[in-house]
Amino acid sequence: MDARSPDLTPNAAGWRADAPTTKSLAEVNGTVAIPAAAQWWRRLLAFVGPGYLVSVGYMDPGNWATDLAGGSKFGYTLLSVILLSNLMAILLQSLAARLGIVTDRDLAQACRATYSPAVNFLLWLACEAAIIACDLAEVIGTAIALKLLFGIPLIGGALLAALDAFLLLILMNRGFRFLEAFVIALLAVIAVCFAVQIVAAAPPVAEVLHGFVPKGEIFTNPEMLYIAIGIIGATVMPHNLYLHSSIVQTRAYERNDTGRREAIKWATTDSTIALMLALFINAAILVVAAATFHKSGHSDVAEIGQAFELLSPLLGLGIASTLFAVALLASGLNSTVTATLAGQIVMEGFLDLRLPHWARRLLTRGIAIVPVIVVTAIYGERGTADLLVFSQVVLSMQLPFAVIPLVRFVSDRRKMGQFAIPTSVAAIAWIVAGVIVILNLKLLADTLFG
């Protein structure tokens, strides 16, 4: 074989013979101690954190746009889509955690160690497109929040949002637990803000519960389907699968069968609890929009600025709009920090770059932030809701390129050994992947052929 050609021959474990062995996020890999012989709750607490970093992506400003549009236009109907998306997310994130814990590779590294260079390059481009779409939503959301709260022009707020790369550097230098604590604190702020708004909106419980029952019209109504796929794209985010498979490895569990089995259990528990919080917040956004805007006849409220202006007068609660903007700012800060980290993981995993930590983060952030600044400068405040919803549909279109490799890897007994998922779980995971692909094809057909 030519020395310049990669060795694509799989080894006994199913990985390419020339696969790199670099640790994922090497600077924090295995740095969070796990107390030995401690009570179960202390061991669980040691694993709490990665699930909340992942859950951030399930309640970012892109979710706000799709949830506001869905709630104001269709009432509580799309709550069932939020629930379905969340169940998909719980399954897929548990598989991502399993992959990282068992193989000591994140999803990007696993792809690089399995596929040819050409396929990996295409997968990297697809993932970068997803991260750019995600950043589009997050930076615009943060900029809107800064404008609503402090009157900062939209382009200035977008530039300020780009400084999150330095915030990530500061937090990571203090240790991964500091980053997790920062994220969890902002999640608590978001949850409190929406709990107050739910109480003020006082939605009818029966109608809300009925909204969680799936309706056939979601698939037959093109406009409703467009927003529904946007919700799926906003909820099950491709870069979160790469992120989770990496950051679970920050725990110093024993790298043997017993240690990995326990790590899978606690990591899955952590992400499931965190994603239930994401379900509450996403549902709360849609419920507030339905109870406030749809009920009062404002069915065209899709822009975050519109929601801010109408919320306090319609709810009769002066602080409601401020709470809404504060929660949006917390969501935007959280999301941009975790998306920057995901960008680093994706670039390192697919391209195996060797750069200083600060340079890697600035580079990955730059790739994503430049298109965001350009789009924000061109569109300004006009049409931001359409951009946000469109960005989530783009995310949904990228999902198969992350979901299908993930399900393949965790089903492969050569790669996973005794930790390969059972046939029944694999069947459910393939059904989820199939649903995502079918919905995307339906959306493409409606878009192209009307």
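Residues numbered from 1 in each chain as written. Predicted model: local features only at pLDDT ≥ 70, side-chain atom pairs only at ≥ 80, totals over all residues. Heavy atoms only, no water.

Under the annotation held in an unreviewed UniProt entry, the chain carries the name Divalent metal cation transporter MntH and is attributed to Bradyrhizobium stylosanthis. The annotation that UniProt attaches to the chain under Function (unreviewed entry) is "H(+)-stimulated, divalent metal cation uptake system." The UniProt entry for the chain carries this comment under Sequence similarities (unreviewed entry): "Belongs to the NRAMP family." (UniProt positions renumbered as here; feature names shortened; annotations may be inferred.)

Asks: How would you sum up a nonpolar patch on the surface? Please name residues and give values.
Replies: On the surface, a nonpolar cluster with roughly 500 Å² of combined accessible area is contributed by Leu160, Leu163, Phe166, Trp358 and Leu362. For tryptophan 358, the location among the structural elements is in helix α17 (residues 357-379). (Patch = residues over 30% accessible without salt bridge, like charges linked within 9 Å, V, L, I, M, F, W, Y side chains within 5 Å. Areas by Shrake-Rupley, 256 points an atom, 1.4 Å probe, with all protein chains shown as cover. Salt bridge = Lys/Arg side-chain N within 4 Å of Asp/Glu carboxyl O. Helix = DSSP H or I, 4+ residues; strand = E, 2+ residues; numbered from the N terminus.)

Asks: Lay out the packing of aromatic side chains in plain terms, naming residues and giving numbers.
Replies: Using the criterion set out here, one finds five aromatic pairs in the structure. The cationic tip of arginine 174 hangs over the ring face of phenylalanine 178; the distance from NZ or CZ to the ring centre is 4.3 Å. Seen from the ring of tryptophan 266, lysine 265 lies directly overhead, with NZ or CZ sitting 4.5 Å from the centre. (Phe/Tyr/Trp six-rings, centres within 6.5 Å; stacked < 30°, edge-to-face > 60°. Lys NZ or Arg CZ within 6 Å of the ring centre and 35° of its normal.)

Asks: Could you give me a rundown of the pattern of salt bridges, with the residues and numbers involved?
Replies: This model, assessed by the stated rule, comprises eight salt bridges. Arginine 43 serves as the salt-bridge partner of glutamate 262, at 2.3 Å between the closest nitrogen and oxygen. Linking glutamate 262 in helix α14 (residues 257-294) with arginine 43 in helix α1 (residues 40-47), this pair joins segments that are 219 residues apart in sequence. Overall, the relative accessible area of 24% leaves glutamate 262 in the partly exposed class. (Buried < 20%, exposed > 50% of the residue type's maximum accessible area, 1.4 Å probe, protein only.)

Asks: Can you tell me about the packing of helix α4 (residues 79-103) against helix α13 (residues 238-247), naming the residues and giving the values?
Replies: Relative orientation of the contacting elements α4 and α13 amounts to 40°, with a least axis distance of 7 Å. Between α4 and α13, the angle is such that the two are oblique. Crossing of α4 against α13: the hand is right-handed. Judged by residue contacts, Leu92, Gln93, Ala96, Ala97 and Gly100 of α4 engage Asn240, Leu241, His244 and Ser245 from α13. By residue class, the composition of the contact of α4 with α13 is four nonpolar, five polar and no charged. (Axes fitted to C-alpha atoms, helices over the stretch in contact; angles between N-to-C directions. Parallel < 35°, antiparallel > 145°, perpendicular 65-115°, else oblique. Left-handed = near helix turned anticlockwise from the far one by under 90°. Contact = heavy atoms within 4.5 Å. Nonpolar A, V, L, I, M, F, W, Y, C, P; charged D, E, K, R; others polar.)

Asks: Requested: an account of the side chain of arginine 260, with residues and values cited.
Replies: The residue arginine 260 is located in helix α14 in this model. Among the residues examined, arginine 260 registers a relative accessible area of 11% and is labelled buried. Sequence-distant contacts of arginine 260, defined by excluding residues within four places in its chain, comprise Ile101, Val102, Asp104, Tyr253, Glu254, Arg255 and Phe419.

Asks: I'd like a rundown of unusual backbone geometry, residues and numbers included.
Replies: Here leucine 25, not a glycine, exhibits a phi torsion of approximately 45°, which is positive. Residue placement: leucine 25 occurs in the segment before α1.

Asks: Pulling in residues and values, what's your account of the environment of tyrosine 226?
Replies: Mapping tyrosine 226 onto the fold places it in helix α12 (residues 222-235). Note on tyrosine 226: relative accessible area 29%, which makes it partly exposed. For tyrosine 226 and leucine 439, which are 213 residues apart along the polypeptide, the C-alpha to C-alpha distance reads 9.5 Å.

Asks: Requested: an account of α4, with residues and values cited.
Replies: Between its terminal C-alpha atoms α4 stretches 36 Å, which fits the 36 Å expected from 25 residues at 1.5 Å a residue. Among the 25 residues of α4, 21 are classified as buried, and the element is accordingly described as predominantly covered. Once α4 ends, the next one or two residues include aspartate 104, with phi positive near 60°. (Expected span 1.5 Å × (residues − 1).)

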